[in-house]
Amino acid sequence: MQIRFLGHACFHMEIDGYKLLFDPFISPNELASEIDIESIEADFILLSHGHQDHIHDAETIAKRCNAKIISNYEVVTWYGKLGIEGHPMNHGGSWEFDFGKVKMVNAVHSSSFPDGSYAGNPAGFVISNQNHCFYFAGDTALTLDMQLLPMTSPKLDFALLPIGDNFTMGYEDAILASDFIDCTRIIPFHYDTFGYIQVDKEKVKTAFESRGKEITFLEIGESVKI
Ligand code: NI
Ligand code: MN
């Protein structure tokens, strides 16, 4: 499968012919000014929670691509009112989509829409099919709930974890998180976009490597094949 980092918490993935987009916040992100949202194709848009820095471009891209939103009930209902199709889920539930199984798992954070209205509870996703299994944590603190993942999901190939601190866990907690989820291959997100979440990448890399983990910082627009 192919994974492309589009800045902040946004990833585009091609999984067995299906295009998935996670938490699109591209057009307001100065660091992602090279990315043209008109060029992004998606069959499904997965939204971890309702904050602006995770949903900003979801409406535009969903409408152009006729993509389906996968998120919690409240977020999917919100987009339904805008005429966008969706698949509502809630924590602990799984659903078999054509690209694989999605399980909505706990995240410790908050969730509201940019206008302040209720956007349900924040979540992460575990996605698995016969070829792949990975975890997109969404915005979250380190939480013991992560220890449930190895008991309830296939072995993870890799995990996407926030590391920027202040609004989510920082990199030291993310190292513990990678122990909790029993995963050694990490792709980080939610760093450097704003002043509050600047990281020293070399320091983070060294810390992960000293604990036997592989962390891959992707440049915005860069893709990796896994
Ligand atoms: Ni957030
Ligand atoms: Mn965020």
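Thresholds, definitions, all that
- Residues numbered from 1 in each chain as written.
- Chains lettered and ligands numbered in written order.
- Predicted model: local features only at pLDDT ≥ 70, side-chain atom pairs only at ≥ 80, totals over all residues.
- Heavy atoms only, no water.
- Donors = N, O, S within 2.8 Å, 3.2 Å for Na, K, Ca; no water.
- Tetrahedral: all angles 85-135°; square planar, octahedral: opposite > 155°, others 65-115°.
- Helix = DSSP H or I, 4+ residues; strand = E, 2+ residues; numbered from the N terminus.
- Buried < 20%, exposed > 50% of the residue type's maximum accessible area, 1.4 Å probe, protein only.
- Contact = heavy atoms within 4.5 Å.
- pLDDT = per-residue confidence, 0-100.
- 1 Å grid on protein atoms, 1.4 Å probe; cavity = no way out; pocket = protein on both sides within 12 Å on 5 of 7 lines; lining within 4 Å.
- Points joined across faces, edges and corners; volume = space filled by probe spheres on them.
- Nonpolar A, V, L, I, M, F, W, Y, C, P; charged D, E, K, R; others polar.
- Polar contact = N/O pair within 3.5 Å; in protein donor to acceptor, adjacent residues only side chain to side chain.

Student: Before we go on, may I ask you to explain the coordination of the nickel ion (ligand 1) in this structure?
Tutor: When four donors bind a metal tetrahedrally, each ideal donor-metal-donor angle is 109.5 degrees, and when six bind octahedrally, the ideal angles are 90 or 180 degrees. Protein-derived coordination of the nickel ion (ligand 1) comes from His49 (NE2), His51 (ND1), His109 (NE2) and Asp139 (OD), at a distance range of 2.2 to 2.5 Å. Classification of the site at the nickel ion (ligand 1) as irregular follows from its four donor atoms and the range of 83 to 179 degrees in their angles at the metal. Counting gaps between the donor residues of the nickel ion (ligand 1) yields the pattern H-x1-H-x57-H-x29-D. A gap of 3.1 Å separates the nickel ion (ligand 1) and the manganese ion (ligand 2), which Asp139 links by coordinating each metal. Of this pair, His51 sits in the loop between strand E4 (44–46) and helix H1 (52–55) while Asp139 is found in the loop between strand E10 (133–136) and helix H4 (149–152), placing the two residues 88 residues apart along the sequence. As far as the burial class goes, His51 and Asp139 line up, both buried.

Student: Just checking my understanding: could you explain the environment of Ile40 for this structure?
Tutor: Position of Ile40 among the secondary structure elements: in the loop between strand E3 (18–22) and E4. Taking relative accessible area as the criterion, Ile40 reaches 4% and is therefore assigned buried. Separated by 184 residues in the primary sequence, Ile40 and Val224 have C-alpha atoms spaced 17 Å apart. In this view, Ile40 contacts Leu6, His12, Leu21, Ile26, Ile35, Ile61, Arg64 and Cys65; residues no more than four positions away in its chain are not counted.

Student: In this structure, what is going on with the coordination of the manganese ion (ligand 2)? I would like to understand it.
Tutor: At this site the manganese ion (ligand 2) is bound by Asp53 (OD), His54 (NE2), Asp139 (OD) and His190 (NE2), with donor distances of 2.1 to 2.2 Å. Sequence spacing of the donor residues for the manganese ion (ligand 2), all on one chain, is D-H-x84-D-x50-H.

Student: What is the right way to look at the confidence of the model for the protein in this model?
Tutor: Detailed reading of the predicted coordinates is not advisable wherever pLDDT falls low. Overall, the predicted model of the protein reaches an average pLDDT of 98, with 100% of residues at or above 70. Averaged pLDDT values over the elements of the protein bottom out at 96 in strand E14 (residues 223–225) and peak at 99 in E4.

Student: Any chance you could explain the layout of surface pockets here in plain terms?
Tutor: Where empty space is left in the structure can be found by rolling a water-sized probe over the atoms. Looking at the largest pocket, its volume works out to about 150 Å³. Surrounding the largest pocket, Gly92, Lys103, Met104, Val105, Asn106, Tyr135, Asp145, Met146, Leu148, Leu149 and Thr152 form its lining. Residue assignment for the lining of the largest pocket shows that the elements contributing at least two residues are strand E8 (100–106) and H4. Looking at side-chain class alone, the lining of the largest pocket contains six nonpolar, three polar and two charged residues.

Student: Where do I start with the side chain of Ser111 in this structure?
Tutor: Here Ser111 shows up in the loop between E8 and strand E9 (123–128). By relative accessible area, Ser111 is classed as buried at 11%. In this structure the side chain of Ser111 is engaged in a polar contact, spanning 3.1 Å, whose partner is the backbone nitrogen of Gly50. Within the local environment of Ser111, its side chain forms a polar contact with the backbone oxygen of Ala119, the two atoms lying 3.0 Å apart. When near neighbours in sequence (up to four residues on either side) are disregarded, Ser111 contacts His49, Gly50, His51, Ala119, Gly120, Asn121 and Pro122.

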